[in-house]
Amino acid sequence: MLWFLLCVGLLILGYVIYGAFVEKIFGINTHSQTPAYKHNDGVDFIPISKRKAYLIQLLNIAGVGPIFGPILGALYGPAAMLWIVLGCIFAGAVHDYFSGMLSVRNQGQSIPNLAGKYLGKPAQHFTNLFAIILLLLVGVVFISAPAGLLSKLTGWHMSLFVILIFSYYLLATLVPIDKIIGKLYPFFGALLLFMSAGLTIALIISNDHQLLASYSIKDVFSNLNPNDMPLWPALFITIACGAVSGFHATQSPLMARCVENEANGRFVFFGAMIGEGIIALIWCAIALSFYDGVNGLNIAMKSNPANLVYDASNVLLGTLGGGLAILGVIILPITSGDTAFRSARLILSEMFNTPQKALPKRLLFAIPLFIAGGILT
C-alpha cells in the first residue's frame, strides 16, 4: 500500500513543483486576452470556468486508455506504476501543457496549423491527414468499446448501444460546446473521480483483496510478466494514454478555445494529465491486487481487461456501487469519442478556412465524417 500512496504523492508533487517549472519556462501572460474572449462565436470559442475546463479536458483525453492500458500493464508487475509516474510527470503532462498553451497563444488553432506555423507547409499537410484519420479511428473505437461494456452490464444487444452512442456523437459534435459538453462533462468527471476514489478505499479496507500486499521492493524493479513478454519496449506501448499520448494534442485545442486566462493552463492541461495518471495508478493497483498476483490476473482476465473492470467493481463496491463504477468507465470512451469527432470537424474547418458559427457550415464537415465513421463501425 505504501508504494501506491508514494506513487500518488509523487504525481501530486510533480504537478506542484515540475508543473510550476514548466509554466515558468512557457512564460504565461495573465493580461493577454484568450481566444475564448477574442473569438467568442457561441459555438466552439466560449469562456468556461477553470474547474469545468479541467473536468472536460480530463474526459477529452482519457478514453479507456488509462484503465485498460494499466490493467494490461499490470502483468509486468509494480514496475508499471513507476512508468506511469515518470511518464506522466516528465512526458505526458508536459506534452499536454505545451500543446494546449501553444493553441491558446495561436488563437485556438489545432495541431496541424501549429505544425504548419513552426515546421512548414509539408508538415501541416501531413499532420492534417494524419490527425483526421487518427480522430476518425479513435471515434469509431470509442463507439464499440463502451457499447460492449453497456451490453455486458444490461444484457441488451450491442447494436442498440452502437446506434445510441453514434447518434449522441453527432449531436455533441454539432451543438455549442457549452450546451452538452459544458453541462454534462463536469458532472461525469466528478462521478469518475468519486468512483475511482471509492474503488481505492474499498480495496484498502478489503479483507480479501489487500492493496499490493504480495509484492516486495525488488518486484518494483523486476519484470514479472507470466507470458515472458519483454518489459522494454512492450510495457511502454501497453501503457500509453496513462503516461503519454500524442492523441491528446488533437484534444487540447478544444479547451484552448475556452480557457479564461493563461494562468488556468497549468491546472487544465498539466493537471488533467496528472489526474489521468492517478486514475491509471488506481486501476493498475486494482489489477495487481484483485487476483493476488500477475499469474492470477493473467488467468482471470483472459486478455480482456473489461473482465477485471466488471469483476472488481462489483466485488469491491457491490451491485449498485459496481454499476456506478462501470458507468464511470463507460463514460470515459464516450466523452473522448464525441470530442474526437468534434476535433476532426474543427481541423477540417481550418483546412478549408470555413467559420463554424452557422449550423450548415458545421454539417458540411460533420456529415462526411459520420458517414465514414458509420462505415468503419
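In case you missed it, the structure is sitting above this.
Residues numbered from 1 in each chain as written. Predicted model: local features only at pLDDT ≥ 70, side-chain atom pairs only at ≥ 80, totals over all residues. Heavy atoms only, no water.

Student: Which residues make up the overall build of the chain, and what values do they have?
Tutor: Across its full length, the chain carries 16 helices and zero strands. With the C-alpha coordinates aligned to their principal axes, the bounding extent of the chain is approximately 55 × 50 × 35 Å. Taking all 377 residues of the chain together, 58% fall into the buried category. Within the chain, residue pairs in contact and separated by at least 24 positions form 83% of the contacts whose partners lie at least 6 positions apart. Accessible surface, the chain as shown: approximately 15,500 Å² in total, 69% of it carbon and sulfur. For the chain, the centre of its 20 positive side-chain charges and the centre of its 15 negative side-chain charges are spaced 11 Å apart. (Helix = DSSP H or I, 4+ residues; strand = E, 2+ residues; numbered from the N terminus. Buried < 20%, exposed > 50% of the residue type's maximum accessible area, 1.4 Å probe, protein only. Contact = heavy atoms within 4.5 Å. Areas by Shrake-Rupley, 256 points an atom, 1.4 Å probe, with all protein chains shown as cover. Lys, Arg positive; Asp, Glu negative; His and termini not counted. Charge placed at Lys NZ, Arg CZ, Asp CG, Glu CD.)

Student: Requested: an account of helix α15 (residues 305–351), with residues and values cited.
Tutor: The end-to-end C-alpha separation of α15 is 38 Å, well short of the 69 Å expected for 47 residues at 1.5 Å each. Within α15, the axis deviates most sharply at G318, by approximately 130 degrees. α15 sits mainly inside the fold: 35 of its 47 residues count as buried. Positive phi appears at N353, one or two residues downstream of α15, with a value of about 50 degrees. (Expected span 1.5 Å × (residues − 1). Bend = angle between axes of the 7 residues up to and from the residue.)

Student: Report on the layout of surface pockets, specifying residues and quantitative values.
Tutor: If you add up the space inside the largest pocket, you get close to 400 Å³. Along the wall of the largest pocket there are 17 residues; nearest its centre are F45, S349, E350, T354 and P355. Of the residues forming the lining of the largest pocket, the biggest block, three residues, is contributed by α15. Its residues placed into classes, the lining of the largest pocket shows three nonpolar, nine polar and five charged. Within this model, the second largest pocket holds a volume of roughly 220 Å³. Forming the boundary of the second largest pocket are 13 residues, of which Y54, G271, I274, G275 and I278 lie nearest the centre. (1 Å grid on protein atoms, 1.4 Å probe; cavity = no way out; pocket = protein on both sides within 12 Å on 5 of 7 lines; lining within 4 Å. Points joined across faces, edges and corners; volume = space filled by probe spheres on them. Nonpolar A, V, L, I, M, F, W, Y, C, P; charged D, E, K, R; others polar.)

Student: Can you break down empty space enclosed by the protein residue by residue, with the values?
Tutor: Within the structure shown, the criterion is met by one cavity of 30 Å³ or more. The space that makes up the largest cavity amounts to roughly 40 Å³. Lining of the largest cavity is provided by L192, M195, S196, L199, W283, A325, G328 and V329. Sorting the residues of the lining of the largest cavity by element identifies α9 (181–205) and α15 as the ones contributing at least two each. The biggest single contributor to the lining of the largest cavity is α9, with four residues. Taken together, the residues of the lining of the largest cavity sort by class into six nonpolar, two polar and no charged.

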